[in-house]
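# Commentary on secondary and tertiary structure
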Amino acid sequence: MASYILQGETGDWEVVIGLEVHAQVISHSKLFSGAATEFGAEPNTQVSFVDAGFPGMLPVINEICVEQAVRTGLGLKARINLTSVFARKNYFYADLPQGYQISQFDKPIGGEGELILDLPDGSTRTVGIERLHLEQDAGKSIHDMHPSKSFIDLNRSGVALMEIVSKPDLRSPEEAGLYLTKLRSILRYLGTCDGNMQEGSMRCDANVSVRPVGSTELRTRCEIKNVNSIRYVQQAIEFEARRHVEVYENNGTISQETRLFDSVKTETRSMRSKEQAHDYRYFPDPDLLPLVIAQDFVDGIKAGLPELPDAKKARFMAEYGLNAYDAGVLVAERISADFFETVARGSAATHDNGRAKPAGGRDAKIACNWVMGDFFAALNATGKTMENPPVSAQDLGALIDLIGDGTLSGRLAKDVFALMVETGKAPAVLVEEKGLKQVTDTGAIEAAVDAVIAANPDKVQQVKDGKTTLLGWFVGQVMKATQGKANPAMVNEMLARKVLG
Amino acid sequence: MSNLTDLTLAEGRDHLAKGEFTAVELTAAHLKAVEARRAINAFIVETPQQALEEAKASDLRRRAGTAGAMDGLPIGIKDLFCTKGVQTTAASHILEGFIPPYESTVSGKLKAAGAISLGKLNLDEFAMGSSNQTSAFGAVENPWKRRSDPTAKLVPGGSSGGSAAAVAARMVMAATGTDTGGSIRQPAAFCGITGIKPTYGRCSRWGIVAFASSLDQAGPMARTVRDCAIMLGVMAGFDPKDSTSVNMAVPDFETALTGDIRGLKIGIPKEYRPAGLSDEVAKVWDQGIQWLRAAGATPVEISLPHTKYALATYYIIAPAECSSNLARYDGLRFGRRVPGKTLDEMYALTRAAGFGAEVRRRILIGTYVLSAGYYDAYYAKAQKVRRLIADDFAKAFETVDVILTPTAPSAAFGQGEGTDDPVTMWLNDVFTIPTSMAGLPGLSLPAGLSADGLPLGLQLIGRPFDEETVFKVAGVMETAANFTAKPEGL
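Residues numbered from 1 in each chain as written. Chains lettered and ligands numbered in written order. Predicted model: local features only at pLDDT ≥ 70, side-chain atom pairs only at ≥ 80, totals over all residues.

### Examining the overall build of chain B
The number of helices and strands found in chain B is 15 helices and 11 strands. If one aligns the C-alpha atoms of chain B with their principal axes, the spans along those axes are about 65 × 55 × 50 Å. For chain B, buried positions account for 60% of its 490 residues. A separation threshold of at least 6 residues defines the contact pool for chain B, and within that pool the share at least 24 residues apart is 77%. (Helix = DSSP H or I, 4+ residues; strand = E, 2+ residues; numbered from the N terminus. Buried ≥ 20, exposed ≤ 12 C-beta atoms within 10 Å, placed from the backbone. Contact = placed C-beta atoms within 7 Å.)

### Focus on the overall build of chain A
From N to C terminus, chain A includes 15 helices and 16 strands. Taking 2.2 N^0.38 as the reference for a compact globule, 501 residues should give roughly 23 Å; the C-alpha atoms of chain A span a radius of gyration of 30 Å, well beyond that estimate. Viewed in the frame of its principal axes, chain A has a C-alpha envelope of about 95 × 55 × 50 Å. A total of 501 residues make up chain A; the buried ones form 41% of that total. In chain A, of all internal contacts separated by at least 6 residues, the share reaching a separation of at least 24 is 68%. (Rg over C-alpha atoms; globule rule 2.2 N^0.38 Å.)

### Concerning the interface of chain A and chain B
The partner chain B presents 33 residues to the 25 residues of chain A that form the contact. A class-by-class count of the residues in the side of chain A that touches chain B yields 16 nonpolar, five polar and four charged. (Nonpolar A, V, L, I, M, F, W, Y, C, P; charged D, E, K, R; others polar.)

### Points about the domain arrangement of chain A
The extent of an interface is frequently quoted as the accessible surface area lost upon association of the parts. Residue and element names in this part refer to chain A. When cut into domains, chain A gives domain 1 (6–281), domain 2 (309–434) and domain 3 (442–500). Taken together, the seven residues of domain 1 in the interface contact nine residues of domain 2. Residue assignment for the side of domain 1 that touches domain 2 shows that the elements contributing at least two residues are β6 (113–118) and α2 (173–190). Sorting elements by how many residues they give to the side of domain 1 that touches domain 2 places α2 first, with four residues. Taken together, the residues that form the side of domain 1 that touches domain 2 break down as three nonpolar, two polar and two charged. (Domains from an automatic or database assignment.)

### Section: the environment of A:Asp441
Looking at the element boundaries, A:Asp441 is found in the loop between α11 (427–434) and α12 (442–455). With 13 C-beta atoms counted inside 10 Å, the residue A:Asp441 sits in the partly exposed group.

### Let's talk about the confidence of the model for chain A
Looking at chain A, pLDDT values average 91 and 96% of them are 70 or higher. This model gives residues 347–357 of chain A a pLDDT under 50, and the stretch forms 20 contacts once residues within four places in sequence are excluded. (pLDDT = per-residue confidence, 0-100.)

### Here we look at the nonpolar core
Ranked by internal contacts, the top residues of the largest apolar core, which has 219 residues, are A:Tyr179, A:Ala206, B:Val167, B:Ala174 and B:Met231. For this core, the element with the most residues is α2(A), which contributes nine residues. Those residues in contact with B:Met231 that sit more than four places away from it in its chain are B:Leu9, B:Met70, B:Ala174, B:Pro220 and B:Ala222. (Core = buried A, V, L, I, M, F, W, Y, C linked by C-beta atoms within 7 Å.)

### Looking at helix α11 (residues 357–370) of chain B
Counted at 1.5 Å a residue, the expected span for α11(B) with its 14 residues is 20 Å, and the 20 Å between its end C-alpha atoms agrees. All of the buried residues in α11(B) are B:Val359, B:Arg362, B:Ile363, B:Gly366, B:Val369 and B:Leu370. Along the axis of α11(B), the buried residues cluster in a sector spanning 135°; they form a single face. Along α11(B), exposed side chains directed more than 90 degrees from the buried face belong to B:Ala357 and B:Leu364. Structurally, α11(B) contributes buried residues whose contacts are with β15 (283–284) of chain A together with α9 (310–325) and α12 (376–396) of chain B. (Expected span 1.5 Å × (residues − 1). Arc of directions from axis to C-beta.)

### Digging into the sheet that holds β15(A)
Residues and elements named next belong to chain A. Read from one edge of the open sheet, three strands run β5-β4-β15, paired in antiparallel fashion. In this open sheet, the two strands that pair with only one neighbour each are β5 (100–104) and β15. By the bridge criterion, five bridges tie strand β4 (residues 86–90) to β5 in an arrangement that is antiparallel. In the strand pairing of β5, Phe86 is matched with Gln104. (Pairing = 2+ DSSP bridges.)

### Regarding the packing of α12(A) against helix α14 (residues 471–481) of chain A
Residue and element names in this part refer to chain A. For the pair α12 and α14, the least separation of the axes is 9 Å and the interaxial angle reads 125°. One finds that α12 runs oblique with respect to α14. Regarding α12 and α14, the two cross each other, and that crossing is right-handed. Residues Ala448, Val449, Ala451 and Val452 of α12 lie in contact with α14, whose contacting residues are Phe474, Gln477, Val478 and Ala481. Looking at the contact of α12 with α14 residue by residue, the classes come out as seven nonpolar, one polar and no charged. (Axes fitted to C-alpha atoms, helices over the stretch in contact; angles between N-to-C directions. Parallel < 35°, antiparallel > 145°, perpendicular 65-115°, else oblique. Left-handed = near helix turned anticlockwise from the far one by under 90°.)

### Re the pairing of strand β7 (residues 265–269) of chain B
Residues and elements named next belong to chain B. Pairing of β7 with strand β8 (residues 298–302) involves five bridges; the strand directions are parallel. Bridging from a neighbouring strand, Ile268 pairs with Glu301 of β8. Crossover β7 to β8 through helix α8 (residues 279–294) is right-handed. As judged from the two bridges shared by β7 and strand β9 (residues 402–406), these two strands associate in the parallel manner. Bridging from a neighbouring strand, Ile266 pairs with Val402 of β9. (Right-handed = clockwise from strand over helix to strand, strands pointing away.)

### Some remarks on the sheet that holds β9(B)
All names here are of chain B. Taking strand neighbours across the sheet as the criterion, the 11 strands line up as β1-β3-β2-β4-β6-β5-β10-β11-β9-β7-β8 in an open arrangement whose pairing is mixed. The open sheet has two free edges, formed respectively by β1 (43–46) and β8, since each of these has just one partner strand. Geometrically, the sheet is characterised by an average inter-axis angle of 30° between neighbouring strands, direction not taken into account. Judged from the three bridges that link them, strand β5 (residues 194–197) and strand β10 (residues 442–449) form a sheet pairing that is antiparallel. Paired with Gly195 across the two strands is Ser444, which belongs to β10. Packed on one face of the sheet, helix α3 (residues 48–64) meets β1, β2 (74–78) and β3 (116–121) and runs near 155° to β3. Contacts from helix α7 (residues 225–235) reach β4 (174–179), β5, β6 (217–222) and β10, with the element oriented near 145° to β6.

### Here's the deal with the packing of α12(A) against helix α15 (residues 488–500) of chain A
All names here are of chain A. Contact geometry for α12 and α15: axes closest at 10 Å, N-to-C directions at 45°. On the basis of the axis angle, α12 is oblique to α15. For the pair α12 and α15, the sense of crossing is right-handed. When α12 is examined against α15, the residues Ile445, Glu446, Val449 and Ile453 are found in contact with a partner set consisting of Met490, Val491, Met494, Leu495, Lys498 and Val499. In terms of residue class, the contact of α12 with α15 is made up of eight nonpolar, no polar and two charged.

### Considering the pairing of β9(B)
The side chains of a regular strand alternate, residue by residue, between the two faces of the sheet. Residues and elements named next belong to chain B. Burial within β9 is extensive, with five of its five residues counted as buried. The sheet contact formed by β9 and strand β11 (residues 455–462) spans five bridges and is antiparallel. Bridging across to β11, Leu404 finds its partner in Leu460.

### Focus: the environment of A:Asp205
Residue and element names in this part refer to chain A. With respect to the helices and strands, the residue Asp205 is situated in strand β11 (residues 202–212). Note on Asp205: 19 C-beta atoms within 10 Å, which makes it partly exposed. Separated by 20 residues in the primary sequence, Asp205 and Lys225 place their C-alpha atoms 4.5 Å from one another. Ignoring sequence-local partners within four residues, the contact set of Asp205 consists of Glu20, Glu223, Ile224, Lys225 and Asn226.

### Re the confidence of the model for chain B
Residues at a pLDDT of 70 or more form 99% of chain B, whose mean pLDDT is 96. The complex model carries a pTM of 0.90, and its ipTM stands at 0.96.

### Things to note about the environment of A:Glu387
Residue and element names in this part refer to chain A. Positionally, Glu387 belongs in the loop between α8 (364–382) and α9 (393–404). By C-beta crowding, Glu387 is classed as exposed, having 6 other C-beta atoms within 10 Å. Distance in space between the C-alpha atoms of Glu387 and Ile335 is 7.6 Å, their sequence separation being 52 residues.

### Details of unusual backbone geometry
Most peptide bonds take the trans form, and the phi angle of most residues other than glycine is negative. Residues B:Gly158 and B:Ser159 are joined by a peptide bond in cis, for which omega reads 10°. Here B:Ser159 is to be found in the loop between β3 and α5 (161–168). Positive phi, close to 60°, is recorded for A:Asn44, a residue that is not glycine. Even without a glycine there, the phi angle at B:Asn41 is positive, about 65°. By the element assignment, B:Asn41 lies in the loop between α2 (23–36) and β1. On the basis of neighbour count, B:Asn41 is assigned to the partly exposed category, with 19 C-beta atoms found within 10 Å.

Written out as structure tokens, the structure reads:
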């Protein structure tokens with residue numbers, strides 16, 4: 001990737017970015033209570049007395065959330081700490097009923113790991129993961145429903161979050177975006193977080209600083225809190241990096257602070273300075289014993305991990321002969337990777353042009369082209385989702401088979417595909433209904449070819465004189481005469497033979 | 001039948017079983033005592049109607065043959081236990097009017113065993129105090145009087161002062177207490193009754209208003225060792241809702257009272273005889289050693305060298321935890337709220353109005369010791385010392401079976417005495433705090449009277465989850481002490 005350089009008046013600057021992602025754990029109940037976690041429920045309907053911080057209530061760890069955190073850690077190739085400690089992070093706010101958040105501080109469940117960025121040119125870059133820990137979410141304050149009052153919804157209070165902290169390894173807004181995309185992809189593969197930034201189930205804080213190109217120092221960073229889309233994260237970083245450069249070039253100093261991103265004005269604003277920063281008074285939560293998990297527990301989760309995007313991408317490249325870009329796009333979502341594989345691995349194809357093809361499968365490159373091309377275009381055009389695709393993988397596979405066995409020409413196949421999207425019918429049914437079957441009857445094609453040759457003696461002469469590119473024109477005429485149903489290979493072969501002799 | 005209110009739990013249980021009187025009669029007698037001795041201010045809330053209804057139900061259960069272990073026995077519940085439908089205040093204005101929609105595990109177990117609650121007992125605010133003078137609902141008066149000055153009002157100790165006073169004054173047969181640094185044992189000693197803080201983890205903390213989570217433990221307060229054994233058997237047990245409760249079978253504590261302590265080794269810590277120890281307390285302690293020797297046990301001098309740091313350590317750890325535990329009292333969801341122009345102002349006004357001076361002091365100390373830059377110097381260090389204190393005990397228990405110490409450095413003092421200097425007040429728990437820090441079971445029983453006619457208690461400390469040995473030795477000591485004195489007028 002082209003390096004991201006901010007050109008200042010005094011020289012070139014590079015940006016140093018670390019991301020903290022809060023990913024809501026997929027679980028039926030909260031981290032320390034039995035209350036439900038479903039999104040979008042009526043306010044304050046999914047709140048236990050524990051979540052509301054009532055007197056005498058005590059937290060009890062939800063083992064499913066621990067399992068999900070371990071699964072995520074393993075997915076990020078992180079060290080899993082068999083002993084971790086829950087600590088209280090103390091601060092007062094109206095949507096924090098206990099007056100503290102139960103989090104993990106100096107002993108998180110996940111240690112150092114890594115995440116591989118898939119760069120647009122097909123190359124990769126490894127970004128370090130600093131840590132992963134479990135913590136409770138706070139409730140939600142709603143300030144715009146009453147002129148002088150705030151409303152509090154505690155449905156989210158106590159929901160399990162994983163905080164995943166990267167090392168300051170990212171060097172551009174684009175890389176930050178790729179990091180989030182990849183992390184979301186891994187979380188979705190693992191089934192540990194749905195990655196939905198709009199619903200707030202994945203939120204991002206960006207730590208940003210700049211330094212002169214060539215320098216290795218880490219300058220004072222600012223933390224931009226709670227940005228809720230990948231695009232906003234990138235915009236916030238861009239703005240913040242430029243702001244730092246301007247401050248430094250005007251001989252100013254950057255002070256460590258927390259900032260908010262205004263997506264309307266595309267700028268960051270100071271939220272609180274270091275002086276106003278909370279002193280969270282972390283200490284181990286005396287209501288909870290240290291979290292001790294067995295190596296067996298970790299091994300069991302490891303054994304059940306699905307194939308993750310990096311491994312799948314490598315396999316798609318090796319097994320199907322896809323290029324890095326195509327493989328990267330297909331594996332980004334597990335459902336699209338599965339879709340592709342279903343298309344590629346259907347019934348046996350009838351021709352083999354030498355490209356890699358798994359036993360009993362279809363031509364993988366053709367399958368890839370159809371999925372990446374017409375299918376994704378139809379997905380966009382219809383506004384449908386992979387969960388409910390405009391054309392099923394089975395039908396798309398069947399369509400490819402019809403091309404393979406010569407029933408359809410490439411051109412006819414595109415027409416059939418459009419009809420499949422429109423009607424939802426299987427390709428064989430459409431071919432039958434519309435009489436779109438490719439003509440492979442030698443006599444019929446020959447008659448059409450002969451008719452075109454007979455009607456255009458001057459052009460035949462030109463071809464014979466060496467203007468062979470005119471053969472294409474003849475093909476077009478024959479196809480026109482047969483309403484596109486003639487087998488193009490046969491037309492080509494016959495024309496060459498008859499015109500050139 | 002003598003006076004119904006003089007019966008022990010064990011006697012009451014046996015007489016009820018024989019049908020000599022009904023639960024309604026027993027309850028009514030105690031309700032009468034509650035009314036008659038209201039001046040000592042032991043109760044924050046009385047629930048006589050509910051008690052009589054429960055007593056009727058108890059009599060029906062007995063007739064049906066389904067009576068529980070404590071069926072029909074009138075008790076009091078320290079107002080730190082959340083009780084469903086009955087106001088629970090922790091003796092603080094900040095919780096005034098709070099009616100929990102749930103029942104604490106321990107009070108629920110007592111209810112399930114048929115015990116009849118006569119109401120909620122007074123305590124130091126949020127269990128922070130050793131004299132029951134910090135209650136927002138007024139001080140509790142000790143039913144005992146000095147011979148030299150029978151008009152002076154004495155403190156019952158604290159924080160379970162209402163519990164101790166109510167049991168001593170025969171208003172209830174027994175009561176629940178909680179102990180964080182001595183809050184069961186010291187008031188038991190001051191009021192001439194018996195109380196045990198079991199091993200940390202023995203009783204569930206679920207539904208008990210938290211003071212210092214790593215130290216808080218519920219326990220029974222009654223007039224005999226046997227009664228404590230009976231009641232602890234009902235209160236104890238694993239609770240999946242409390243992650244610090246221990247999954248361990250609850251023994252039949254009553255059967256531990258064999259009266260045979262021959263061959264047991266009794267540790268006598270040399271550090272527990274500080275310069276300022278009252279002669280009377282020292283004397284009763286020596287007497288206790290003699291009783292145990294006479295019963296065939298062997299006193300062994302032991303050393304608990306880190307004891308001298310226990311009080312300082314406690315006053316870092318307990319306030320630290322309390323500063324966090326009490327953050328939830330913010331006026332938003334329950335209890336008292338004082339409106340303010342901003343959220344922060346509402347917090348400040350609510351908490352200033354809701355918390356008393358001692359609670360505010362401890363929140364401030366706790367906030368300080370946890371703050372950035374001080375954590376290592378105070379809290380982290382205190383945790384290390386706490387470990388050393390626990391190691392002292394572990395080492396001692398390699399050679400002895402139980403440890404005998406005084407419960408408190410003096411007999412009950414007068415209301416208003418020693419309140420100028422909080423540190424003097426804190427010294428009351430100097431003998432009980434080390435046990436709490438180590439999470440060990442500690443029992444206090446009355447061993448004699450001071451020259452001025454006030455009860456003096458001795459403390460027995462056991463190995464973790466070895467309440468049985470503590471009860472066994474306490475039973476022998478109780479017999480030897482033959483403590484039959486009662487407060488004036490009873």
